[in-house]
Amino acid sequence: MAKTRQEIFEQVKETLVDALGVDEDEVTEDATLTSDLGAESIDFLDIVFRLEKSFDIKIPRGELFPDEVLNNPDYVENGRVTPAGLAKLKASMPHADFTDFEKDPDVNKMPELFTVRTIVNYVQSKVGAAA
Amino acid sequence: MRFVLVDRILELDPPRRIVTCKSLTLAEEYLADHFPTFPVMPGVLMVEAMVQSAAWLVRASTDFAASVVLLSEARNVTYKSFVAPGHVLKLEATARRIETDSSEFDCRGTCDDREMVKARLRLRQFNLAQSRPALRDLDARLIDHARRQFAMLGGKALLESAVTR
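Counting restarts for each chain: residues are numbered from 1 in the order of the written sequence. Lettering of chains starts at A and numbering of ligands starts at 1, both following the order in which they are written. Per-residue local features of the predicted model are confined to residues with pLDDT of at least 70, and side-chain atom pairs are confined, for both listing and counting, to 80 or more; whole-chain, interface and lining totals are unaffected and use all residues.

Our focus in this paragraph is helix α2 (residues 136-152) of chain B. Only DSSP runs of H or I reaching four residues or more are called helices, and only runs of E reaching two or more are called strands; each is numbered from the N terminus. Expected helix span is given by 1.5 Å per residue-to-residue step, counting one fewer step than there are residues. In this model, α2(B) (17 residues) spans 25 Å end to end at C-alpha, consistent with the 24 Å of a helix rising 1.5 Å per residue. Just downstream of α2(B) lies Gly154(B), where phi reads positive at about 95 degrees.

Attention shifts here to the sheet that holds strand β1 (residues 8-13) of chain B. Two strands in a sheet stick together by hydrogen bonds in their backbones, pointing the same way (parallel) or opposite ways (antiparallel). All names here are of chain B. A pair of strands is considered paired only if DSSP assigns at least 2 bridges between the two. Taken in spatial order, the six strands of this open sheet run β1-β2-β4-β5-β6-β3, and their pairing is antiparallel. Looking at the sheet topology across the chains shown, the edges are occupied by β1 and β3 (68-79). Between one strand axis and the next, the sheet turns through 20 degrees on average, direction left out of account. Lines fitted to C-alpha atoms define the axes here, with helix axes fitted over just the stretch in contact, and angles between the N-to-C directions of these axes take values from 0 to 180 degrees.

Moving on: the pairing of β1(B). Within a regular beta strand, the side chains point alternately toward one face of the sheet and then the other, so they alternate between its two faces. All names here are of chain B. The pairing of β1 with strand β2 (residues 17-23) spans five bridges and is classified as antiparallel. Looking at β2, one finds that Glu-11 is bridged to Val-19. The loop that links β1 with its antiparallel partner β2 comprises three residues.

Residue and element names in this part refer to chain A. At a closest axis distance of 10 Å, the pairing of helix α1 (residues 5-20) and helix α2 (residues 41-55) adopts a crossing angle of 140 degrees. Regarding the angle of α1 to α2, the classification is oblique. Crossing handedness for the pair α1 and α2: right-handed. Here Gln-11, Thr-15, Leu-16, Asp-18, Ala-19 and Leu-20 of α1 come into contact with α2, specifically with Asp-43, Asp-46, Ile-47, Arg-50, Leu-51, Ser-54 and Phe-55. Our angle categories are set so that under 35 degrees counts as roughly parallel, over 145 as roughly antiparallel, 65 to 115 as roughly perpendicular, and the remainder as oblique. With the far helix as reference, a near helix turned anticlockwise by less than a right angle produces a left-handed crossing, and one turned clockwise produces a right-handed crossing. This entry defines residue contacts through backbone-placed C-beta atoms, with two residues in contact when those atoms are within 7 Å.

The subject of this paragraph is the nonpolar core. By definition, a nonpolar core groups buried Ala, Val, Leu, Ile, Met, Phe, Trp, Tyr and Cys residues that connect through C-beta atoms lying within 7 Å of each other. Partly exposed residues are those whose C-beta has more than 12 but fewer than 20 other C-beta atoms within 10 Å; 20 or more makes a residue buried and 12 or fewer makes it exposed, with C-beta atoms placed from the backbone. One finds Met46(B), Met50(B), Ala54(B), Val83(B), Leu89(B) and Ala93(B) to be the most contacted residues of the largest nonpolar core, which totals 40 residues. Listed by contribution, the elements that provide at least two residues to this core are β1, α1 (43-61), β3, β4 (88-98), β5 (102-111) and β6 (114-126) of chain B. In terms of residue count, the dominant contributor to this core is α1(B) (11 residues). Apart from the residues within four sequence positions on either side, Leu89(B) is in contact with Cys21(B), Lys22(B), Leu24(B), Met41(B), Met46(B), Ala49(B), Val83(B), Gly109(B), Cys111(B) and Met116(B). In terms of nonpolar packing, the next biggest core, distinct from the first, is built from 20 residues, Leu37(A), Phe65(A), Val116(A) and Val123(A) among them.

The next point concerns unusual backbone geometry. Residue Pro15(B) is reached from Pro14(B) by a cis peptide bond, and omega for that bond is 0 degrees. The backbone of Asp56(A) sits at a positive phi, close to 55 degrees, despite the residue not being glycine. Position of Asp56(A) among the secondary structure elements: in the loop between α2 and α3 (68-71). A tally of 9 C-beta atoms within 10 Å means that Asp56(A) is categorised as exposed.

Written out as structure tokens, the structure is:
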């Protein structure tokens, strides 16, 4: 049975509360994983694992949180994401919003791309949702 | 890797407060993967540096009574920014309480006066002989090792200069 977006959001919220130890009311769609919810790199691994278990989906490496941009020198130069890197990010993350990041593609700010909405959009694309 | 994340003890006021530092160098192996194009200190190691700083305060305040000092809980861990190689992370731990088998601290890490990380940490302390009497000698060796490392980090000199003041 297909889940509604709201149901997916509630289930993602539960996953993040378990993974990050935050309160439920801190997990809003706009909340960034790093600045608002205090996630750091090891938490990203944990979140992927928990989402796989919770939604019974497979999340291939780099599909939810693309790490190739941080691993490939073609994509980052002088602490900024190159146009090639930006293109790669956009292609890998159709579920994210790049408007702010594009204005200042500082690699230090890349974690701000990962909001709760990013995750809900991604899960929705994997499980399919009723309106 | 040698899991020593405190380079020097800068200030020591047992049982209240300790200030230490950890310099980040590009030579640290884990930076090769974290991340290849963007080396930054992993958040969990920033927490470990805070744990080790608090542990030195425990040892200095209890005359090295416990051979083992471990993290038992990290709460409200907040990360503000990344620490890049070439920078020094300054760690401060302020004790809320230090008891025989547990202690609690408010800790923060700063870099050039900018806050990078903070957390409330609970540590637990014990000797191995408490559950296995045959390990008494190992406790003694661990404590001796800790005392020597404390001296190497400058802690012993700080305590001695405080006494003579």
